[in-house]
Amino acid sequence: YRELSLLSHLLIHLHIDMERSKERLVKVETKIPRKFQRRMISPNVFDKYFDIKVSINKEPKHKVSHSLIEFIDLAKTLHVIYTISKFKVLSIDPPSLDFQYLQQLNNSDDMEDLNSMIELLEAFLSDICADPLFMHDIVLDFLNIQDPYRSDFAKYIGYSQMMSSKISSVEKEKKKELPLN
């Protein structure tokens, strides 16, 4: 019982540290202009590349460019990273992309389909940036976000993983102490 009390006390301090860490985080926003470039990725194979304007605390910082394939790879990697096994208690699902629908839009030359595709990609990035738990190194790399901002996100995610792990430990201990009926 005393060990549970110590664990609970530790969880409270971890939560306070995590909230303080969250307060220091910058707000990242992205915007994709309504255009793309075709680039050759191998002989006779072209892909659409989208410019992403990255702002930090509403101040424009830089621009990065990624292909639709890179967006899909990001979505798939986030899904692998944020599995229930990694964030047991939080068990959060990262934002996702409808790959088949995006491919269908990508195969079209219609401007309306292009706008729909860009809106989906913007919403995906916006959902990621809205929750600091998703600002993993792969997202920071994708958006080319460097220090001093990068380390604050890493610290916040680390606190979240520790909280998840500790809460899971407390739940296991509580289950051990429950009387069997």
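The numbers attached to residues start from 1 for each chain and follow its sequence in the written order. Local features in this predicted model are restricted to residues of pLDDT 70 or higher, and side-chain atom pairs are both shown and tallied only at a pLDDT of 80 or more, whereas totals for entire chains, interfaces and linings draw on every residue. Side-chain measures were taken over the full set of non-hydrogen atoms in the model, leaving aside hydrogen atoms and water.

### Observations concerning the packing of aromatic side chains
For this analysis, a ring pair means two rings from Phe, Tyr or Trp (six-membered ring only for Trp) whose centres lie within 6.5 Å, classed as stacked if their planes differ by under 30 degrees, edge-to-face if by over 60, and tilted for the remaining angles. In the structure shown here, the tally under the stated rule is 3 aromatic pairs. Ring geometry for F36 against F50: centres 6.3 Å apart, planes inclined by 50°, an arrangement best described as tilted. Here F36, found in the loop between β1 (28–31) and β2 (37–42), pairs with F50, found in strand β3 (residues 45–56); they are 14 residues apart in sequence, far enough to count as distant. Relative accessible area decides the class of each residue, using a 1.4 Å probe on protein chains only: under 20% of the type maximum gives buried, over 50% gives exposed, and in between gives partly exposed. Relative accessible area serves as the criterion here: at 27%, F36 is assigned to the partly exposed category. On the accessibility criterion, F50 (0% relative accessible area) is buried. Summarising the aromatic geometry, the rings of F50 and F71 are spaced 6.5 Å apart at their centres and angled 80° between planes, so their arrangement reads as edge-to-face. With F50 in strand β3 and F71 in helix α2 (residues 68–81), the pair connects residues that are 21 residues apart, well separated along the chain. Residue F71 is classed as buried on the basis of its relative accessible area of 0%. Aromatic ring contacts, followed pair by pair, group F36, F50, F71 and F142 into a single cluster. The residue whose ring lies beneath K48 is F36, and the NZ or CZ to ring-centre distance is 5.2 Å. K76 extends its terminal NZ or CZ atom over the ring of F99, reaching a point 5.3 Å from the ring centre. Note on conventions: DSSP H or I runs of at least 4 residues are helices, E runs of at least 2 residues are strands, and numbering of each starts at the N terminus. For a ring to carry a charge above it, either NZ of a lysine or CZ of an arginine must fall within 6 Å of the ring centroid while also lying within 35 degrees of the normal to the ring plane.

### Notes on the side chain of D47
Considering the arrangement of structural elements, one finds D47 in strand β3. As used throughout, the charge tally considers Lys and Arg to be positive and Asp and Glu to be negative, leaving His and the chain termini uncounted. Basic side-chain nitrogens of Lys or Arg form a salt bridge, by our definition, when they fall within 4 Å of a carboxyl oxygen of Asp or Glu. The side chain of D47 is buried and forms no salt bridge, while R38, the nearest opposite charge, is found at 7.3 Å. Under the rule applied, a polar contact is a pair of N or O atoms within 3.5 Å (in protein, one hydrogen donor and one hydrogen acceptor; residues adjacent in sequence only if both atoms are side-chain atoms). In this structure the side chain of D47 is engaged in a polar contact, spanning 3.4 Å, whose partner is the side chain of S67. Residues are treated as being in contact if the distance between any of their heavy atoms lies within 4.5 Å. Non-local contacts of D47, meaning those with residues more than four positions away in its chain, are made with Q37, R38, R39, I41, S67, L68, I69 and N106.

### Considerations on the packing of α2 against helix α3 (residues 99–106)
For the pair α2 and α3, interaxial distance at closest approach is 12 Å and the crossing angle is 175°. With respect to each other, α2 and α3 are oriented roughly antiparallel. Residues L68, I72, A75 and K76 of α2 touch α3, and the partners they reach there are F99, L102 and N106. When residue character is reported, Ala, Val, Leu, Ile, Met, Phe, Trp, Tyr, Cys and Pro are called nonpolar, Asp, Glu, Lys and Arg charged, and the others, Gly included, polar. Grouping the constituent residues of the contact of α2 with α3 by class yields 5 nonpolar, 1 polar and 1 charged. A fitted line through C-alpha atoms represents every axis, and for helices the fit uses only the stretch in contact; the resulting angles, taken between N-to-C directions, go from 0 to 180 degrees. For classification purposes, angles smaller than 35 degrees are called roughly parallel, those larger than 145 roughly antiparallel, those between 65 and 115 roughly perpendicular, and all remaining angles oblique.

Purely spatial values, then, with no claim about function.
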